[in-house]
Amino acid sequence: MRAADDGGGTGSAGAQNKREGGLGRVFDYIEAHRDDSLRRLADYVARPSISDRATEVAATAGYLKEVISKIGMDVEVISTAGNPVVVAERRRRPERPTVLIYGHYDVQPPDPIERWTTPPFEPAVRDGRIFGRGTADNKGQHLAHLLGIEALLACDQELPCNVVVLLDGEEEAGSPNLAGFVAENRERLACDLVVWSDGPVHSSGRSCVLFGVRGMIAFDLRASGANRTLHSGNWGGVAPNPLWTLVHLLASMKSSSGAITIDGLSDDVVAPTQAERAALEALPGDIEATKRDLGVGHLDEPAERGLAERLAAWPTFTINGLHGGYGGAGSQTSLPHEAVAKCDIRLVEAQSTAGAWAAIEAHVGRVAPEVELIRRGAMEPSKTPLEHPLARPVAKAVAVAQGREPLLVPALGGSLPDYVWTKVLGVPSFGIPFANVDEANHAPDENLDLEHFFLGVKTAASLLAHIGDER
Ligand SMILES: [Zn+2]
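Residues numbered from 1 in each chain as written. Predicted model: local features only at pLDDT ≥ 70, side-chain atom pairs only at ≥ 80, totals over all residues. Heavy atoms only, no water.

## Focus: the coordination of the zinc ion
And then number 1: Only Asp137 (OD), Glu172 (OE), Glu172 (OE) and His442 (NE2) from the protein reach the zinc ion as donors, at distances of 2.0 to 2.6 Å.
And then number 2: On the primary sequence, the residues serving as donors to the zinc ion are separated as D-x34-E-x269-H. Of this pair, Asp137 sits in helix α4 (residues 135–155) while Glu172 sits in the loop between β6 (162–168) and α5 (178–184), and the two are 35 residues apart along the sequence. Of the two residues, Asp137 and Glu172, neither departs from the other in class, the shared state being buried. (Donors = N, O, S within 2.8 Å, 3.2 Å for Na, K, Ca; no water. Helix = DSSP H or I, 4+ residues; strand = E, 2+ residues; numbered from the N terminus. Buried < 20%, exposed > 50% of the residue type's maximum accessible area, 1.4 Å probe, protein only.)

This is the structure in structure tokens:
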């Protein structure tokens, strides 16, 4: 293990050594308890807490209550309109910061079950990995945090900071009750930062800290023509063609050079800061390799932006599907009566779903008022600034536990309910994924690499130690 770069600012060299020494003992404890930790992960994964199996989910919440209280936290299973939430806390250091660890104990269905090498709820270890539904997504990742807490308490009487653990029981069903639960329990959940570990490390295999996610709106555009399909010779040029209506509307929404041209939609977008641009440029990403991987001769416009910057810092408008008229064998010279475009727009911080809906509604109303806009779903974007004062101890905690600086990812291209922390609870949120890139989450043979798991436990302990130093 490499000595940590102190970077100046938090305490003397003596205090630094003391902390490193303290973590050294904690890391030794974690190493010495590998078999026990693995056994406990297997015991947890054996419980089939699939989101829509209420009985199994409730039983697993009860099991967690026992597990967590043995670790030394006050824990409660709290019912919601859906599956219960497990909330645990240990707040014994009023002068120190509080970390909220978020995870989810529900899992995806294991189907297609016949494609598993060993049964999904009979965890098996082979080739240095543990296989089973929920090993990586997400039981192994939040159990790593719980084991990190246990290791700290075994080596010292008290945790270095205050900790709240919130385990969601319906993340795989879209966390429909999470934002409401957090809003109603602000005081109980009061904290200085949220940390969550889910998904894989960076695709390059390096660890990363995630600072945000893009938001999203999904919608249909539906155009109608005559009340029936018509002969294109007898009616073409007379009856309106809903496919042409949609094609013109869609062309007015995005230019061939990649700019979204929906009036007002991108007004609030702020270009990446210098720190963000530097972090994005440091992310591994090879344009030629990406083209080969995708089997394409060129990438989408605008070409001058790097891959990571496109995914993290700018909105994007995708036509998911365009449907209407005849698509069968040969030709049929007909004039369709209806056409639908299914679309989504990924939003970046500073945009909002309300603003995006208003912009699209106004644009469609102006360009093609006869087209119906059908809202399908929405999620707010979220971002914690790279310059946030707590970003430094978080990144340093990873470096100390893992021996290498993590990559800093300003935002994930996809969408997760991270806004619940940054916008509902109003605190910074950091993602520290522990799983291997080929974790096969949501798929047969889901697995967690054991080295990733134990590094996760060490990182979790290191995180609390480093946050505890921020007074
Ligand atoms: Zn998942």
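## Quick look at the sheet that holds strand β14 (residues 338–347)
The strands making up a sheet are joined through hydrogen bonds of the backbone, oriented either antiparallel or parallel.
And then number 1: Here 4 strands make up an open sheet; going across it, the order is β12-β14-β10-β15 and the pairing antiparallel. Every interior strand has two partners, whereas the edge strands, β12 (316–324) and β15 (372–379), have only one. Adjacent strand axes in the sheet meet at a mean angle of 15 degrees when their direction is disregarded.
And then number 2: In this sheet, β15 lies alongside strand β10 (residues 215–224) in antiparallel orientation, the contact comprising 7 bridges. Each residue of the ladder has a partner; that of Arg222, found in β15, is Glu372.
And then number 3: Running over the sheet, helix α7 (residues 242–251) touches β10, β12 and β14 and is turned about 20 degrees from β14. (Pairing = 2+ DSSP bridges. Axes fitted to C-alpha atoms, helices over the stretch in contact; angles between N-to-C directions. Contact = heavy atoms within 4.5 Å.)

## Let's talk about the domain arrangement of the protein chain
And then number 1: Segmentation of the protein chain into domains returns domain 1 (13–213 + 382–468) and domain 2 (215–269 + 315–379).
And then number 2: Each of domain 1 and domain 2 has a C-alpha centre, and these two points are 40 Å apart.
And then number 3: Residue-level contacts link 10 residues of domain 1 with 5 residues of domain 2.
And then number 4: Surface buried jointly by domain 1 and domain 2 totals about 570 Å² across both partners, of which 51% is contributed by carbon and sulfur atoms.
And then number 5: It is Lys383, Ser415 and Lys423 in domain 1 that bury the most area against domain 2; as a group they hold 56% of the surface buried on that side.
And then number 6: Taken together, the links from domain 1 to domain 2 amount to 1 salt bridge.
And then number 7: Residues Lys423 and Glu349 are paired through a salt bridge, measuring 3.2 Å at the closest nitrogen-oxygen approach.
And then number 8: Joining domain 1 to domain 2, the criterion identifies 4 residue pairs in polar contact (both at pLDDT 80 or more).
And then number 9: Listed by contribution, the elements that provide at least two residues to the side of domain 1 that touches domain 2 are β16 (382–383) and α13 (419–425).
And then number 10: In terms of residue class, the side of domain 1 that touches domain 2 is made up of 4 nonpolar, 4 polar and 2 charged. (Domains from an automatic or database assignment. Buried area = accessible area lost by both parts, 1.4 Å probe. Salt bridge = Lys/Arg side-chain N within 4 Å of Asp/Glu carboxyl O. Polar contact = N/O pair within 3.5 Å; in protein donor to acceptor, adjacent residues only side chain to side chain. Nonpolar A, V, L, I, M, F, W, Y, C, P; charged D, E, K, R; others polar.)

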